[in-house]
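# Observations on the model geometry
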Amino acid sequence: MSTFTSTTRSLTATPEDRALKAKHAAMWASGSYPTVVDEVVHTLGGILVETIDVHAGQRVLDVAAGTGTSAIPSARRGAEVVATDLTPELLEVGRAAADAEGLALTWQTADAEALPYSDEAFDVVLSSIGVMFAPHHELAAAELIRVCRPGGTIGVLSWTPNGFIGQLFTTMKPFAPPPPPGASPAPLWGSVEHVRDLFGDRVEEFVARQQALVVDRFTSGAEFRDFMKANYGPTIAVYRFIADDAEKVAALDAEMAALGDRFLDGGVMPWEYLIVTAKRR
């Protein structure tokens, strides 16, 4: 077992960390994240798979896979795919979709910071707007690298700090509970410098591409706000935290609607993201 594997295991085995991960799993099960996927972000997983050029015969691990938006396109290409997530309810949605297509994948509940796989087990390790939400970035990055074989590909797609979803988290932060000790903001995974530091000299052929998802689902900032309040776990969690303070709820309502209106142009919003690909040394 590699050094950073044993370190990861010890840091993720505490009762506090288990409680934190249970809280995260419940957050993503609240509302209806599959609705967010189906109506807004479903294309991102396929974009990541195309960027990596997953092909038949490869052993692929999708980390923090959610409903399998990268796992299922990888399986369509003939890869042998394992999809993991903290939230089993999301995996069940993905499993049903894969079964409907007659695709055979392995679906397993797992922590991105302590993956239950041996070193160098996969040809491709990827994550689309998933691993970025693991609270301890260094641990998650170490696990992505550990389970990838030398010469294999690691690919991560994340929202950027200055893009729309990064700004959504900035907007919600003053109303949210304080982050747990040692946790890093999720949109940092959308910073090239941050990901380069996380991977360090354990990878080569590091390539970063900044792109935007064109979202035409919303006609106003208020419609965007109400959609996220009903469906998106992180937004639901913040509103639950301030539910007893009507002034804070009203303030966050106004700020989220204003954010949406700032980014809307002719009925279209650009949601900026970063794709990073690299080869494990």
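Look up a bit, the structure's there.
In this report, we go over the structure that sits alongside the text.

## Topic: the overall build of the chain
- A count of helices and strands for the chain gives 12 helices and seven strands.
- Taking 19 Å as the expected radius of gyration for a compact globule of 281 residues, we find that the chain reaches 18 Å, a close match to that expectation.
- With the principal axes as the frame, the chain shows a C-alpha extent of 50 × 40 × 35 Å.
- For the chain, buried positions account for 53% of its 281 residues.
- Total accessible area computed for the chain in this model is approximately 11800 Å², and 53% of it derives from carbon and sulfur atoms.
- Across the chain, the 23 positively charged side chains and the 36 negatively charged ones have centroids separated by 4 Å.

## Looking at empty space enclosed by the protein
- In this structure the tally under the stated criterion is two cavities of 30 Å³ or more.
- Taken as a whole, the largest cavity holds about 370 Å³ of empty space.
- If you go around the largest cavity, you meet 30 residues; those closest to its centre are A64, G66, D85, I129 and G130.
- Listed by contribution, the elements that provide at least two residues to the lining of the largest cavity are α2 (15–29), α3 (33–41) and α4 (43–52).
- With four residues, α2 is the single largest residue contributor to the lining of the largest cavity.
- Class assignment of the residues belonging to the lining of the largest cavity gives a composition of 17 nonpolar, nine polar and four charged.
- In this structure, the second largest cavity occupies an estimated 50 Å³ of space.
- No other element matches α3, which puts three residues into the lining of the second largest cavity.
- For the lining of the second largest cavity, the residue count by class is 11 nonpolar, no polar and no charged.

## Comments concerning the pairing of strand β7 (residues 269–280)
- The element β7 is largely enclosed, with a buried count of nine among its 12 residues.
- The pairing of strand β5 (residues 148–159) with β7 spans seven bridges and is antiparallel. Bridge assignment links L157 to a residue of β7, and that residue is I275.
- Sheet topology note: the strand β6 (residues 203–215)/β7 ladder contains 11 bridges and is antiparallel. Across the sheet, the residue bridging to A208 is V276, located in β7.

## A short note on the pairing of strand β4 (residues 122–128)
- Most of β4 is tucked away, with seven of its seven residues classed as buried.
- In the sheet, β4 pairs with β5 via six bridges, with the strands oriented parallel. Residue S127 lies in a different strand from β5, and its bridge partner there is V156.
- Since β4 and β5 lie parallel, the crossover through helix α7 (residues 137–146) that links them has a hand, and here it is right-handed.

Thresholds applied
- Residues numbered from 1 in each chain as written.
- Predicted model: local features only at pLDDT ≥ 70, side-chain atom pairs only at ≥ 80, totals over all residues.
- Heavy atoms only, no water.
- Helix = DSSP H or I, 4+ residues; strand = E, 2+ residues; numbered from the N terminus.
- Rg over C-alpha atoms; globule rule 2.2 N^0.38 Å.
- Buried < 20%, exposed > 50% of the residue type's maximum accessible area, 1.4 Å probe, protein only.
- Areas by Shrake-Rupley, 256 points an atom, 1.4 Å probe, with all protein chains shown as cover.
- Lys, Arg positive; Asp, Glu negative; His and termini not counted.
- Charge placed at Lys NZ, Arg CZ, Asp CG, Glu CD.
- 1 Å grid on protein atoms, 1.4 Å probe; cavity = no way out; pocket = protein on both sides within 12 Å on 5 of 7 lines; lining within 4 Å.
- Points joined across faces, edges and corners; volume = space filled by probe spheres on them.
- Nonpolar A, V, L, I, M, F, W, Y, C, P; charged D, E, K, R; others polar.
- Pairing = 2+ DSSP bridges.
- Right-handed = clockwise from strand over helix to strand, strands pointing away.

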